[in-house]
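# Structural overview for review
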Amino acid sequence: MKSSNIGGQAVMEGIMMRHKDKYSIGVRRPDGEIELKVEDYKCTFGNAKIWRKPLIRGVVSFVDSLVVGTKCLMYSAEIAGDEEDEKETEKNAALSEEERAAKKRKEDRQFKWLLYATVAFSIVISVAAFMLLPYALASLLKNVGASEVVITVAEAFVKLALFMGYMLLISRMKDIQRTFMYHGAEHKCINCIEHGLPLTVENVMKSSRQHKRCGTSFLFLVMLVSIFLHFIFVLVPFYWVRLLGRLLMVPVVAGISFEMIQWAGRTDNKLACLLSKPGLAMQKLTTIEPTEDMVEVAIAAVEAVFDWKAYLKEEFGWKPGEETNENS
């Protein structure tokens, strides 16, 4: 397998695909047509070289994925919901060009504030639920005389239980299941390309729905890395210092996890495959076999930002009309 450096995310009734400085959003409209939008990717933190340094780039990538992902989710929800109703359309038609421009500027400002507020809220909730809450719960064992080592081990089990319980819970929700089907279509498209197969519905459908660079695998790695790093605080005598230390370690954990998953996605050596197994197993919950019409949306999103034919020619010596010897 050869990495294509293309990544994506499932959204409401569609898929976002990103490659280098472009990303696309493909959404299946209620009338059955595919709505496709292509945007320039701009780093939330700017283009300074420091943001591309090892470890730091992991934190930047995590925040960026939340910002872009939330933006794409909002857009897809609007398209999948058939945008404006008739009254809103009539109201806009009655406005002058200047009034419509002013209204759009106001809506853009409101959207921007809502976007960043949503991302900030998501980060706070995630850190509180999966980083601080497990330690707070495990610390209750102090009441029965448990040592800090025992508490840290208990924290690891609580953390994993909360994470896996959350995944199991959302995987049973019907609306989320459709999103997970699009998630499967996203992975299948990337696997199809990276295993040297032309990007057709038939080839995508028979490709794997699991991928080592998946966000699910990243989150699971975050859990594992944080468990190991939190043993650093075993000898710290003060509870609030230990709690604050866990909070300050969040960027470090994200940075290390990012480097690990990127490395695993570029190689097929035994250690990388071993480290990827838990995340791949978790993906059985967050990806579901898609339908062919979902795959069509995924292919449209890929082709909007990535020349897969040129990639196959360069990496696999592919010629139109030929299959390669790779297995997906």
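Scroll up to find the structure.
All values derive from a computational prediction rather than experimental measurement. Numbering of residues begins from 1 in every chain and follows the order in which that chain's sequence is written. For this predicted model, a pLDDT threshold of at least 70 governs which residues receive local features, and a threshold of 80 or more governs which side-chain atom pairs are given and counted, while totals over whole chains, interfaces and linings are taken from all residues. Hydrogens and water molecules were not included; the side-chain quantities draw on all heavy atoms of the structure.

### A few points about the pattern of salt bridges
Every case where a carboxyl oxygen of Asp or Glu lies within 4 Å of a side-chain nitrogen of Lys or Arg is listed as a salt bridge. If you walk through the whole model with that rule in mind, you get 14 salt bridges. The salt bridge involving arginine 213 is made with glutamate 194; its shortest N-O contact spans 2.8 Å. Within this pair, whereas arginine 213 is found in the loop between helix H6 (201-205) and helix H7 (215-229), its partner glutamate 194 is found in helix H5 (residues 174-194), the two being separated by 19 residues in sequence. Exposure class is identical for arginine 213 and glutamate 194. Each is buried. Because the salt bridges share partners, they merge into one network encompassing Arg29, Asp31 and Glu35. Per the convention used, a helix needs a DSSP run of H or I reaching at least four residues, while a strand needs a run of E reaching at least two, with both numbered from the N terminus. Under the scheme applied here, a residue whose accessible area is under 20% of the maximum for its type counts as buried, over 50% as exposed, and between as partly exposed, the area being computed with a 1.4 Å probe on protein chains only.

### A few points about the packing of H7 against helix H10 (residues 270-286)
The axes are straight lines fitted to the C-alpha atoms, using for helices just the contacting stretch, and the angles between their N-to-C directions are given from 0 to 180°. Relative to each other, H7 and H10 sit at 125 degrees, their axes nearing to 8 Å. On the basis of their axis angle, the class for H7 and H10 is oblique. Considering how the two elements wind past one another, H7 and H10 form a crossing that is right-handed. Contact residues: Thr216, Ser217 and Phe220 in H7; Pro278, Gly279, Leu280, Met282, Gln283 and Thr286 in H10. All residues other than Ala, Val, Leu, Ile, Met, Phe, Trp, Tyr, Cys, Pro, Asp, Glu, Lys and Arg, Gly among them, are scored as polar; the first ten of these are nonpolar and the last four charged. When its residues are assigned to classes, the contact of H7 with H10 shows 4 nonpolar, 5 polar and no charged. Throughout, the term roughly parallel applies to angles under 35 degrees, roughly antiparallel to angles over 145, roughly perpendicular to angles from 65 to 115, and oblique to all others. Helix crossings get a hand from a simple test, with the near helix turned counterclockwise from the far one by less than a right angle marking a left-handed crossing and a clockwise turn marking a right-handed one. Note on contacts: a residue pair qualifies if any of its non-hydrogen atoms lie within 4.5 Å across the two residues.

### Digging into the pairing of strand E4 (residues 34-40)
We call two strands paired when DSSP finds no fewer than two bridges between them. Judged from the 7 bridges that link them, strand E3 (residues 22-28) and E4 form a sheet pairing that is antiparallel. Opposite tyrosine 23, over in E4, you have glutamate 39 as the bridge partner. From the end of E3 to the start of E4, which pair antiparallel, there are 5 residues, and glycine 32 there has a positive phi angle of about 95 degrees.

### Observations regarding the nonpolar core
In summary, soluble globular proteins display a tendency toward joint burial of nonpolar side chains. Among the buried residues, those of types Ala, Val, Leu, Ile, Met, Phe, Trp, Tyr and Cys that are joined through side-chain atoms within 4.5 Å form a nonpolar core. The biggest cluster of nonpolar side chains holds 28 residues, and the ones touching the most others in it are Met17, Cys189, Leu199, Val302 and Phe306. Contributing elements (two or more residues each) for this core: strand E1 (6-11), strand E2 (14-19), H5, helix H11 (292-305) and helix H12 (308-316). A per-element tally of this core places H11 first, with 8 residues. When near neighbours in sequence (up to four residues on either side) are disregarded, cysteine 189 contacts Met17, Leu199, Val204, Ala298, Ile299 and Val302. Grouped together as the second largest cluster of nonpolar side chains are 22 residues, Phe163, Phe180, Val222 and Ile261 included.

### Structural notes on helix H1 (residues 56-80)
Helix span, expected: 1.5 Å multiplied by one less than the number of residues in the helix. For H1, built from 25 residues, the straight-helix expectation of 36 Å at 1.5 Å per residue is met to within 8% by its first-to-last C-alpha distance of 36 Å. Of the residues making up H1, those classed as buried are Gly58, Val60, Val63, Asp64, Val67, Val68, Gly69, Thr70, Cys72, Tyr75, Ser76 and Ile79.

### Re the side chain of serine 139
Residue placement: serine 139 occurs in the loop between helix H3 (97-138) and helix H4 (148-171). The class of serine 139 is buried, set by a relative accessible area of 9%. Excluding residues within four positions of it along the chain, serine 139 makes contact with Ile151 and Tyr239.

### Observations concerning the packing of aromatic side chains
Note on aromatic pairs: each is described by the distance of the centres and the angle between the planes. Pairing of aromatic rings covers Phe, Tyr and Trp, the last through its six-membered ring, and needs centres within 6.5 Å; plane angles under 30 degrees mean stacked, over 60 mean edge-to-face, and all others mean tilted. Inspection of the entire model under this criterion finds 10 aromatic pairs. With centroids separated by 5.3 Å and ring planes inclined at 80 degrees, the aromatic side chains of tyrosine 239 and tryptophan 240 adopt a geometry described as edge-to-face. Exposure remark for tyrosine 239: the relative accessible area of 26% places this residue in the partly exposed category. We classify tryptophan 240 as exposed; its relative accessible area is 63%. Each residue in the set Phe130, Phe163, Tyr166 and Phe220 is aromatic and connected to the rest through ring pairs, giving one cluster. Above the ring of tyrosine 41, the side-chain terminus of arginine 18 is found at 3.5 Å from the ring centroid. Geometrically, a charge over a ring is one whose NZ (Lys) or CZ (Arg) sits within 6 Å of the ring centre while staying within 35 degrees of the ring normal. Across from the ring centre of tyrosine 135, 3.8 Å away, lies the NZ or CZ of arginine 246, which sits over that ring.

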